[in-house]
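# Topology and contacts: notes
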Amino acid sequence: MKSGCETVGACAVAKPSPPTIPNYASPWVDGGHSATDYCEPQAAHYRVLYPQFNIAWRALGEGRNKDWGHATYQYNCAFEATAK
């Protein structure tokens with residue numbers, strides 16, 4: 001037998017816990033890019049995987065590697081999922 005709140009659909013439903021999303025490090029790339037170029041596509045991927053959550057990201061800085069005048073960069077970001 002259903003309770004009264006189940007009958008009318010008014011029972012409180014526990015929200016799922018936000019997923020823990022690992023930090024991301026891009027491949028090493030030539031200059032002319034930014035964290036947005038690499039972190040936003042990753043965030044978009046997580047938004048598809050976890051549609052019930054808001055997915056935000058923040059840049060964690062970039063790695064720089066200079067070899068004989070040629071610089072490459074690696075962009076790092078962290079993600080946070082919060083309930084909608």
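The present account deals with the structure reproduced in this document. (Residues numbered from 1 in each chain as written. Predicted model: local features only at pLDDT ≥ 70, side-chain atom pairs only at ≥ 80, totals over all residues. Heavy atoms only, no water.)

Turning our attention to the side chain of Thr 72. If you trace the backbone, Thr 72 turns up in strand β4 (residues 70-83). We classify Thr 72 as buried; its relative accessible area is 16%. In this view, Thr 72 contacts Trp 28, Val 29, Asp 30, Gly 63, Arg 64 and Asn 65; residues no more than four positions away in its chain are not counted. (Helix = DSSP H or I, 4+ residues; strand = E, 2+ residues; numbered from the N terminus. Buried < 20%, exposed > 50% of the residue type's maximum accessible area, 1.4 Å probe, protein only. Contact = heavy atoms within 4.5 Å.)

So, on to the packing of aromatic side chains. By the definition in use, this model includes three aromatic pairs. Ring centres 6.5 Å apart and planes at 20° place the aromatic pair Tyr 46 and Tyr 50 in the stacked group. Look at Tyr 46 and Phe 79: their rings are 5.2 Å apart centre to centre, the planes differ by 70°, and that puts the pair in the edge-to-face class. Remark: Phe 79 occurs in strand β4 and Tyr 46 occurs in helix α2 (residues 35-49); sequence separation between them is 33 residues. Like Tyr 46, the residue Phe 79 is buried in the burial classification. (Phe/Tyr/Trp six-rings, centres within 6.5 Å; stacked < 30°, edge-to-face > 60°.)

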